[in-house]
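What the coordinates show
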Amino acid sequence: MPETILPGEDAVLEVVSPDGARRYVRVTQSPFLIGRGAETGNHLQLSDRRISRNCAAIVIEANRFYVEDRGQRRGLFVNGEKVESRELQNGDVITFGLEDSYEILFRFSSGSDEASIPHLLTRIEHITSSEPSGGLRKLNRLLEATALLHSQRPLEEVLAYMLDQAVSITDADRGLLLEADAGGMLKVKLARRSGGLRLPPESVTPSQTAIQLALRQEAPVITEDLAQAEMHLQAAHSIVAQRLRAVVVIPLWAMTRANTSESMVNIKRGESLGVLYLDSRRPAAFSKLDRQILDVLAADASTILHNARLVEHERERQRLEQEINIARDIQQALLPRNFPDSPDFAVTGVNFPCLSVGGDYFDVFPVSDGRTAFVIADVSGKGLGAAILTTMLQGALSGMTLGTDPARVFNHVNRFLCDHSEVGRYATVFFGILDGDGHLEFINAGHPSPFLIRRGTAEEAFTEGSFPVGLVPEAQYTAACLKLEPGDTLVLFTDGVTEAMDPEDELFGMPRLKKVLTGQPECPLEQLQKCVLEAVENFTRGARQADDLTLLIVRYRATAASATTESDVPSSASDSDSSSSSSTPGSSSRAASN
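All values reported here derive from a predicted model rather than from experimental measurement. Starting afresh in each chain, residues are numbered from 1 along the sequence in its written order. Thresholds applied to this predicted model are a pLDDT of at least 70 for local features of residues and 80 or more for the giving and counting of side-chain atom pairs; totals over whole chains, interfaces and linings are not thresholded and use all residues. Think of the side-chain values as coming from all heavy atoms in the structure, minus any hydrogens and water.

A short note on a nonpolar patch on the surface
Exposure above 30% relative accessible area and the lack of any salt bridge qualify a residue for a patch; like charges then connect within 9 Å, and the nonpolar side chains Val, Leu, Ile, Met, Phe, Trp and Tyr within 5 Å. Only the protein chains shown count as cover for residues, and all accessible areas are computed by the Shrake-Rupley method using a 1.4 Å probe. When a carboxyl oxygen of Asp or Glu lies within 4 Å of a side-chain nitrogen of Lys or Arg, that pair is called a salt bridge. Taken together, the side chains of Ile326, Ile330 and Leu334 present a nonpolar region at the surface, about 260 Å² in accessible area. Elements are defined by DSSP. Helices are runs of H or I of four residues or more, strands are runs of E of two residues or more, and each kind is numbered from the N terminus. Here Ile330 lies in helix α7 (residues 288–334).

So, the sheet that holds strand β17 (residues 246–253)
In short, DSSP must find at least two bridges between two strands for them to pair. An order of β15-β14-β13-β19-β17-β16 is seen for the 6 strands of this open sheet, with the pairing classed as antiparallel. Edge positions in the sheet fall to β15 (197–198) and β16 (221–223), since each has one partner strand and no second. Sheet analysis places β16 next to β17, joined by 3 bridges and oriented antiparallel. Note on β17: the bridge partner recorded for Val221 is Val249. Sheet contacts for helix α4 (residues 208–217): β13 (174–180), β14 (186–193), β16, β17 and β19 (272–280); angle to β17, the most-contacted strand, approximately 40 degrees. Contacts are residue-level and defined by heavy atoms, with any inter-residue pair within 4.5 Å sufficient. The axes are straight lines fitted to the C-alpha atoms, using for helices just the contacting stretch, and the angles between their N-to-C directions are given from 0 to 180°.

Quick word on helix α12 (residues 525–540)
Given a helix with a known number of residues, its expected span is that number minus one, times 1.5 Å. The end-to-end C-alpha distance of α12 is 23 Å, a good match for the 22 Å that 16 residues give at a rise of 1.5 Å each. Of the positions making up α12, those classed as buried are Leu525, Leu528, Gln529, Val532, Ala535, Val536, Phe539 and Thr540. The arc that holds every buried residue of α12, seen down its axis, measures 125 degrees, which confines them to one face. Projecting away from the buried face of α12 at angles above 90 degrees are the exposed residues Glu526, Glu537 and Asn538. The inward-facing, buried residues of α12 contact β20 (345–352), β25 (451–454), β28 (489–493), α10 (495–498), α11 (509–517) and β29 (549–556). Trailing α12 by a residue or two, Arg541 shows a phi angle of about 55 degrees, which is positive. Using a 1.4 Å probe on the protein chains alone, a residue whose accessible area is under 20% of its type maximum counts as buried, one over 50% counts as exposed, and one in between counts as partly exposed. The directions from the helix axis to the C-beta atoms form the arc being described.

A short note on the pattern of salt bridges
A side chain of one charge can pair with a side chain of the opposite charge when the charged atoms of the two come close. Taken as a whole and judged by the stated rule, the model has 19 salt bridges. Across the salt bridge formed by Arg50 and Asp48, the nearest N and O atoms sit 3.0 Å from each other. Classification of Asp48 as buried rests on a relative accessible area of 9%. Put simply, Glu506 and Arg512 hold a salt bridge, and the shortest N to O gap is 2.9 Å. Owing to a relative accessible area of 39%, Glu506 belongs among the partly exposed residues under this scheme. Using a relative accessible area of 33% as the deciding quantity, one classes Arg512 as partly exposed. Here the residues in one salt-bridge network are Arg454, Arg455, Glu485 and Asp488, joined through shared partners.

Just geometry here; none of it tells us what the structure is for.
Now the structure itself:
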């Protein structure tokens, strides 16, 4: 399911109590749960026994705010109209079917300068008459810091300015911004002292006791006089050593995300981004306004840190995607495009990875004495790891153009992969060498048997073979031989064909493939390939596939094939006594694997 992310607007609930008192609550996650008590995870708790514990929720879909009835006994009302679900507009009034209970006014702003000023006023409530000048000065700093948040300034500059404002508002000696690294450890990212002076991050030592207490409680720790604090906080080593008297620690949390399958359960707080830390060697007295401003600054710091982390992740995703695209282009470029034009045989092939890169490949290349080699392979697994191993195999096998014996190459590749077992992958391979007289020398290393179409009948002619390469260290590979007749067609494939699944998870299977191939002795190879692909596509009916699909079709088409006796058939160079020939598919000779 797609995730619901808090949009750019700031949503605030103005909660009017039955006695007329007002408070302001910011909607910080979706769903935002409303009800009586905290037992069901309510984010806004209403003290009225007539209101249900699971009462209502504000959810976000497609960057719009909606209020939903989650079980209020007397119904949920928006502007006096009973609703089950309703999109909220700025100024809407939410009530609960009660005459003398709570009212909730929904307000939001888009972050523009004009809209954000009244919204910020509601977030810090009212400036009291007891501190007219100081309150206005602090409000002005908050507005300046918030305006900077929406600017295009560098991240470090924005965070440093906000930290300066926090130090100035609280009259702290120093302020720190600690950010969680990839391992979750908190590191000092920025350090400032009063007057906007920079401190080297490595030179400061915040109180870990106070920080861990705030993280454990998932709430701010504001200690105005450590002489009156709990004993374990008073006795903390860094507090004693630095003679601290006041400490403020505010945890910073990522914006919570929820998908629709989670909308009925309590959503946990987002991941920890770090903490805003302030301390002083003098006792401090924080007014209600000071605490509200610190909350706003901490929320804004959380927002920009979270956005910066999202940008970093997006850049990393784009970089990885670019590298995968390069790997895909390289892999596709290594596949043969122009097949050899020979009067003795015809070849066609196709490869469809289920991901951007895959673990299947095929190749066709000339070897010594005018013969032509063809190979199809399927590496276990998918993705980049499998693609790397396919490239290695392709390079090793294509080296046989220099005249290396196939069995020796297979034995070497198998030992190499088994000696590097940490690679954790193996490959099934079918390798063949065909000459102009129809003599086929082949090695089947655990690959599905190719079909041999002879006089319109498709048979599994290569059911025997050895183990996949890279699986059994003791395996020995030897070649076997088969005599092809003019018109014989070999259809090689990976299990992405036979294990293709329909929406009911039924496999395409060997019998269906055999049926498609039977009765087409003179069908052009491209047409035969198209028939197989269409049969698989029609069978799967659009179901997502979990494996790569590769086809390689080879037809021997010599017009004058002389009659051949057993002595005419070339034996494998690696084991001449273990190979023989036959004019029928089922009698091909193979050497046993050890």
